[in-house]
Amino acid sequence: MAKAKIKTNKGAAKRFRITKKGKIKRNRGGKSHLLTKKSARRKRGLRKSTSVSKGIKKRIRRLLPYG
């Protein structure tokens, strides 16, 4: 008998991408409102993506089983 498929968590699928080397990429938060008090340098930095910390990597992997 075949194993049951695991559903991908769609919320996580929209927020995270898995790179070829297996790292998990995410976008930075804090760029939606209250932007006038933030410096241009800070806002520019928020555009760049970053990788997920080791602590939650395992949890996100469970949400994206076929990534």
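Residues numbered from 1 in each chain as written. Predicted model: local features only at pLDDT ≥ 70, side-chain atom pairs only at ≥ 80, totals over all residues. Heavy atoms only, no water.

(A) Region of the structure containing the overall build of the protein. The number of helices and strands found in the protein is three helices and three strands. Helices and strands appear in the protein in the N-to-C order α-β-β-α-β-α. In terms of overall dimensions, the protein is more spread out than a globule: its C-alpha atoms have a radius of gyration of 16 Å, far above the 11 Å expected for 67 residues. If one aligns the C-alpha atoms of the protein with their principal axes, the spans along those axes are about 60 × 25 × 20 Å. Within the protein, the fraction of its 67 residues that count as buried is 13%. (Helix = DSSP H or I, 4+ residues; strand = E, 2+ residues; numbered from the N terminus. Rg over C-alpha atoms; globule rule 2.2 N^0.38 Å. Buried < 20%, exposed > 50% of the residue type's maximum accessible area, 1.4 Å probe, protein only.)

(B) Up close: the pairing of strand β2 (residues 24-27). Where strand β1 (residues 16-18) lies against β2, three bridges are found, and the strand directions are antiparallel. Paired with Arg17 across the bridge in β2 is Lys25. (Pairing = 2+ DSSP bridges.)

(C) Looking closely at the environment of Lys23. Turning to its location among the elements, Lys23 is positioned in the loop between β1 and β2. Considered as a pair, Lys23 and Lys57 are 34 residues apart in the sequence and their alpha carbons are 8.5 Å apart. With near-sequence residues (within four places) excluded, Lys23 lies in contact with Arg17, Ile18 and Lys57. (Contact = heavy atoms within 4.5 Å.)

(D) Spotlight on a positive patch on the surface. Together, Arg28, Lys31, Arg41, Arg44, Arg47 and Lys48 line one region of the surface with positive charge. Assignment of secondary structure puts Arg44 in helix α2 (residues 40-47). By relative accessible area, which is 45% here, Arg44 ends up partly exposed. (Patch = residues over 30% accessible without salt bridge, like charges linked within 9 Å, V, L, I, M, F, W, Y side chains within 5 Å. Areas by Shrake-Rupley, 256 points an atom, 1.4 Å probe, with all protein chains shown as cover. Salt bridge = Lys/Arg side-chain N within 4 Å of Asp/Glu carboxyl O. Lys, Arg positive; Asp, Glu negative; His and termini not counted. Charge placed at Lys NZ, Arg CZ, Asp CG, Glu CD.)

(E) Spotlight on the sheet that holds β2. Across the sheet, three strands lie side by side as β1-β2-β3; this open sheet has antiparallel pairing. Each of the sheet's edge strands pairs with one partner strand only, and the pair in question is β1 and β3 (49-51). Taking each pair of neighbouring strands and ignoring which way they run, the sheet shows an average axis angle of 35 degrees. (Axes fitted to C-alpha atoms, helices over the stretch in contact; angles between N-to-C directions.)

(F) Up close: the environment of Pro65. Inspection of the secondary structure assignment puts Pro65 in the segment after α3 (54-63). Judged by relative accessible area, which is 27%, Pro65 ranks as partly exposed. Along the backbone, Pro65 and Asn9 are 56 residues apart, and their C-alpha atoms lie at a distance of 8.8 Å.

(G) Layout of the nonpolar core. Ala12, Phe16, Ile24, Val52, Ile60 and Leu64 form the largest nonpolar core, which has six residues in total. In contact with Val52, other than residues within four places in its own chain, are Phe16, Ile24, Arg26, Lys57 and Ile60. (Core = buried A, V, L, I, M, F, W, Y, C linked by side-chain atoms within 4.5 Å.)

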